[in-house]
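The residues making up each chain are set out below.
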Amino acid sequence: MAVANTDFKRVAVLGSGVMGAQIAAHLVNARVPCVLFDLPAKEGDKNGIVLKSLAGLRKLQPSPFSVKKNADLIEPANYEEHLERLKECDLIIEAISERMDWKKDLYEKIAPHVAQNAVLASNTSGLSISKLAGVLPQQLQPGYCGIHFFNPPRYMPLVELIPHAGTSAPLLDKLESFLVTTLGKGIVRAKDTPNFIANRVGVFSMLSTIRRTEEFGLGFDTVDALTGPLIGRAKSATYRTADVVGLDTLSHVVATMKDTLPNDPWHSLYETPKWLSGLIEKGALGQKTKAGIFKKVGKEIQVLDKETQSYRPVSKEIPDDLKAVLKIKNPAEKFQKLREMKSKEAQFLWSLFSDIFQYTAVHLEEIAHSTRDIDFSLRWGYGWAQGPFEIWQAAGWSQVAQWVSEDIQEGRSLAKAPLPAWALEDRQAVHSNEGSFSPQTKGFVPRSNLSVYSRQPYPESLVGESRSYGETVYENDGVRLWTTGDGIGILSFKSKMHAVGMSVLDGLMESVEKASSRFQGIVAWQTEPPFSAGANLQELVEAVGAGKIDQVATMVRKFQQASQAIKYSPIPFVSAPQGLALGGGCEFLMHSQRVVAALETYTGLVEVGVGLLPAGGGCKEFAHRAADNAAPGQIAMELKQGFENMAMAKVSSSAEEARELGYLGSNDIVVFNPSEALYVAKKSVVQMSESLYRPPLASARFPVAGKPGIATLEMMLVNMLEGQFITEHEYLIGRKMATVLCGGEVEEGTLVDENWILELEHKHFMELCENSKTQERVMHMLKTGKPLRN
């Protein structure tokens with residue numbers, strides 16, 4: 001079940017374009033009834049425009065829907081026939097084109113149909129909320145504000161809320177609470193200034209990058225290699241982000257900045273470059289037209305060469321010495337060396353950082369309430385690992401301020417605007433446990449005290465905020481069992497990517513034993529994602545390479561024992577995953593008494609990718625569940641989904657899809673805000689404990705599909721092989737999977753216990769471990785991070 005919403009019963013979205021349709025998709029993901037409006041079609045079905053948009057949504061990747069069937073939950077409507085339906089909606093989100101006159105015309109049309117206590121909000125990316133509010137009847141103005149989602153709305157956490165002078169404060173609180181817990185968003189309350197916060201700073205950063213690209217003579221592909229994950233920004237970096245956003249949209253935002261910010265010291269920068277205007281004129285608008293700064297030709301990604309105006313293959317070569325500097329862990333040392341380097345790539349990067357530090361410091365008071373607002377806006381809206389003020393603080397506030405001031409004084413900056421006095425003070429931080437710096441108050445302001453945030457025991461933290469993870473109850477090299485004093489144990493892994501090795505297995509079993517005598521229940525929760533990348537392949541390779549097959553056999557036995565310890569724990573064992581939960585991580589979820597999963601949980605049994613089969617109880621769980629759910633004589637049919645999942649290494653694209661694939665059960669819970677998963681998991685423990693929880697009986701026997709089932713599943717493998725969906729080695733692996741799932745070469749309906757299936761898992765896993773093709777797959781995965789299809 002999903003966390004219920006009690007604040008907004010029905011939502012209308014006006015405009016079925018790129019943003020409006022995807023906002024509607026995310027609303028129905030959260031089971032919020034949604035009506036999607038657009039203009040009436042001139043021919044055929046009057047809802048034709050909306051229906052066409054919905055058809056496009058079904059094809060969009062990554063999918064805006066958590067499961068495909070959610071597309072059927074959006075109710076299409078048009079302004080000619082259905083305006084009366086607005087009276088049933090207590091939240092109306094306008095998401096039409098960024099034209100002030102069009103928005104005002106629409107408001108005049110809908111105003112008579114808006115319920116008096118409804119919230120009306122615009123998804124404008126930068127138009128004046130005060131001017132838009134002015135066209136509304138007086139009685140609707142208290143319920144009006146800006147509600148700026150970021151693209152794609154399902155995946156980008158940021159929503160900017162922008163009030164005007166007459167916006168009702170309680171209404172804004174209610175809307176923020178709804179967005180945080182029901183839609184899982186991170187909220188920043190922005191001032192009503194052009195482009196608000198994220199786009200004001202983010203677009204400046206892009207324009208600064210464009211100007212510095214020309215100054216240092218770098219290619220677009222080189223710049224994207226420099227301005228992505230290497231410096232803690234999104235994989236799409238700069239120019240790929242422009243393509244995703246839409247080059248026409250970017251140009252519109254730039255034009256808005258030019259028109260509305262005439263006195264900005266960086267006004268000369270607010271111009272669409274000629275080469276970008278040229279692409280727009282040709283209709284090469286980026287991802288939506290399949291060509292922009294980048295385009296895909298066959299399987300090859302090509303990039304625009306600005307000089308020749310033709311496309312060439314992408315090159316991402318970065319000087320080794322620069323890579324080494326960017327990998328330095330100490331921010332102060334890293335920035336010192338970066339600034340001293342003479343290469344054009346290094347000087348380019350330093351210039352970008354200097355530009356963004358100067359810009360955000362100069363404009364902080366105008367556009368935001370605190371440094372926290374700017375940093376979270378860039379993190380949540382643009383995918384930066386850290387916001388500009390966090391980076392500045394980590395690198396040494398006073399030293400960086402001195403360097404930026406030197407750049408300004410010596411003419412290396414893009415504007416002559418000096419740093420404000422507060423930035424030049426002898427300070428060490430703009431973020432601390434007290435809060436974040438506000439130029440309005442000249443002090444630190446704490447986070448919001450809205451009650452919805454009490455559901456987040458560990459909200460996302462900023463540089464400078466310390467965090468305490470309770471009292472340690474037990475700890476080894478792999479895990480830590482801890483508590484916050486509420487009678488619930490929390491189990492967190494300590495390994496890289498939370499991979500499962502011997503120390504994690506030993507620690508998990510010891511933690512269950514210790515927790516059983518001390519706590520109401522136990523929650524498996526990581527202090528940061530992922531939940532688990534699966535088994536520790538390095539330990540497997542070392543053991544196999546050293547000829548210590550017995551050591552591998554022991555590890556597999558312990559894996560099974562750990563999974564069984566979870567399943568048969570005498571107290572509730574609840575897992576709360578976010579991000580990846582692969583292989584052994586998925587098996588731990590399948591054995592948990594309940595899972596409270598963040599919506600963006602991607603889980604699956606992917607062992608075939610390294611030439612193995614699930615042997616931590618994953619096969620056993622699918623076999624047992626099939627027996628429980630199948631009609632008489634239909635066990636093999638019930639096994640097909642689980643078998644296909646494992647044979648094709650299917651990974652869910654959401655927690656909801658994980659339920660469809662059988663990794664999660666009907667009683668498992670999906671939360672949209674990952675920061676609430678621990679809170680809800682603890683509530684589940686209490687509810688289960690107070691209901692006098694008892695673990696399942698380990699002695700239960702169940703029927704298996706046997707030899708006829710193996711034959712049925714093998715036919716699926718034959719079809720996959722003939723269709724070239726799997727290789728010969730994958731056929732071998734699949735045959736072993738089928739044997740395990742069906743309980744071995746026994747008669748259909750034979751009663752077995754869980755240990756019988758676990759023995760089969762162990763046997764066939766060990767046989768594959770000694771197979772040379774499997775060993776090649778494991779080594780390839782360790783070296784490249786990608787599966788080998790041999």
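See the structure above.
A. Structural view of the overall build of the protein. Along the backbone of the protein there are 28 helices and 25 strands. The C-alpha radius of gyration computed for the protein amounts to 28 Å, which stays within 12% of the reference 28 Å derived for 790 residues, consistent with globular compactness. Projected onto its principal axes, the C-alpha coordinates of the protein cover approximately 80 × 65 × 60 Å. Per-residue burial for the protein yields a buried fraction of 57% across its 790 residues. The long-range share in the protein, meaning contacts at least 24 apart out of those at least 6 apart in sequence, stands at 71%. Of the roughly 32300 Å² of accessible surface on the protein, a fraction of 52% belongs to carbon and sulfur atoms. For the protein, the separation between the mean place of its 84 positive charges and that of its 91 negative charges on side chains is 1 Å.

B. Spotlight on the packing of helix H13 (residues 344-367) against helix H15 (residues 388-409). Where H13 meets H15, the axes come as close as 9 Å, and the angle between the chain directions of the two elements is 95 degrees. Between H13 and H15, the angle is such that the two are roughly perpendicular. Listed contacts from H15 to Trp-350, Phe-353, Ser-354, Ile-356, Phe-357, Gln-358, Thr-360, Ala-361 and Leu-364 of H13 are Pro-388, Phe-389, Ile-391, Trp-392, Val-400, Trp-403, Val-404, Asp-407 and Ile-408. Across the contact of H13 with H15, the residue classes break down as 14 nonpolar, three polar and one charged.

C. Layout of the packing of helix H21 (residues 618-629) against helix H22 (residues 635-647). In the contact formed by H21 and H22, the axes pass within 8 Å of each other and the chain directions differ by 150 degrees. Taken together, H21 and H22 sit at an angle that is classed as roughly antiparallel. The two elements H21 and H22 cross, and the hand of that crossing is right-handed. Contact with H21, carried on its side by Cys-619, Phe-622, Ala-623, Ala-626 and Asn-629, involves Ile-635, Glu-638, Leu-639, Gly-642, Asn-645 and Met-646 of H22 and no other residues of that element.

D. Expanded view of the pattern of salt bridges. Inspection of every chain in the model, using the stated rule, returns 51 salt bridges. Lys-514 is paired through a salt bridge with Glu-510; the nearest N and O atoms lie 3.4 Å apart. Of this pair, Lys-514 and Glu-510 both sit in helix H17 (residues 502-516), four residues apart, roughly one helical turn. Here Glu-510 falls in the partly exposed class, since its relative accessible area comes to 29%. Connected through shared salt-bridge partners, Arg-339, Glu-406, Asp-407, Glu-410 and Arg-412 make up one network.

E. View of the pairing of strand E7 (residues 158-163). Summarising burial for E7: five of the six residues are buried, a large majority. Examined bridge by bridge, strand E6 (residues 144-149) and E7 share five bridges and lie antiparallel to one another. Note on E7: the bridge partner recorded for Phe-149 is Val-159. Taken together, the four bridges between E7 and strand E8 (residues 186-189) define a ladder with parallel strand orientation.

F. Local environment of the packing of aromatic side chains. The final tally for this structure, using the stated rule, is 35 aromatic pairs. For the pair Phe-150 and Tyr-382, a centre-to-centre distance of 6.4 Å together with 65 degrees between the ring planes defines the contact as edge-to-face. Of this pair, Phe-150 sits in the loop between E6 and E7 while Tyr-382 is found in helix H14 (residues 371-382), placing the two residues 232 residues apart along the sequence. Between the aromatic rings of Trp-392 and Trp-397, the centroid separation amounts to 3.9 Å while the plane-to-plane angle is 5 degrees, which identifies the pairing as stacked. On the accessibility criterion, Trp-397 (1% relative accessible area) is buried. Chaining the aromatic ring pairs together yields one cluster made of Phe-335, Trp-350, Phe-353, Phe-357, Phe-389, Trp-392, Trp-397, Trp-403, Trp-422, Phe-437 and Phe-444. Above the ring of Phe-353, the side-chain terminus of Arg-233 is found at 5.8 Å from the ring centroid. Over the face of the ring belonging to Phe-437 we find Arg-427, whose NZ or CZ atom lies 4.4 Å from the ring centre.

G. View of the sheet that holds strand E5 (residues 119-122). Here eight strands make up an open sheet; going across it, the order is E3-E2-E1-E4-E5-E6-E7-E8 and the pairing mixed. At either end of the open sheet lies a strand with only one pairing partner, and these are strand E3 (74-78) and E8. Each neighbouring strand pair of the sheet contributes to a mean axis angle of 25 degrees, computed without reference to strand direction. Strands E7 and E8 of the sheet are contacted by H14, whose axis makes an angle of about 140 degrees with E8.

H. A look at the sheet that holds strand E23 (residues 669-671). Reading across from one edge, E15-E16-E17-E18-E19-E21-E23 is the order of the seven strands in this open sheet, with mixed pairing throughout. Looking at which strands have only one partner, the edges of the open sheet turn out to be strand E15 (471-475) and E23. For this sheet, the mean inter-axis angle between neighbouring strands, taken without regard to orientation, is 25 degrees. Pairing of strand E16 (residues 479-483) with strand E17 (residues 488-493) involves four bridges; the strand directions are antiparallel. The residue bridging Leu-481 from the neighbouring strand is Leu-491, located in E17.

Criteria and thresholds
- Residues numbered from 1 in each chain as written.
- Predicted model: local features only at pLDDT ≥ 70, side-chain atom pairs only at ≥ 80, totals over all residues.
- Heavy atoms only, no water.
- Helix = DSSP H or I, 4+ residues; strand = E, 2+ residues; numbered from the N terminus.
- Rg over C-alpha atoms; globule rule 2.2 N^0.38 Å.
- Buried < 20%, exposed > 50% of the residue type's maximum accessible area, 1.4 Å probe, protein only.
- Contact = heavy atoms within 4.5 Å.
- Areas by Shrake-Rupley, 256 points an atom, 1.4 Å probe, with all protein chains shown as cover.
- Lys, Arg positive; Asp, Glu negative; His and termini not counted.
- Charge placed at Lys NZ, Arg CZ, Asp CG, Glu CD.
- Axes fitted to C-alpha atoms, helices over the stretch in contact; angles between N-to-C directions.
- Parallel < 35°, antiparallel > 145°, perpendicular 65-115°, else oblique.
- Nonpolar A, V, L, I, M, F, W, Y, C, P; charged D, E, K, R; others polar.
- Left-handed = near helix turned anticlockwise from the far one by under 90°.
- Salt bridge = Lys/Arg side-chain N within 4 Å of Asp/Glu carboxyl O.
- Pairing = 2+ DSSP bridges.
- Phe/Tyr/Trp six-rings, centres within 6.5 Å; stacked < 30°, edge-to-face > 60°.
- Lys NZ or Arg CZ within 6 Å of the ring centre and 35° of its normal.

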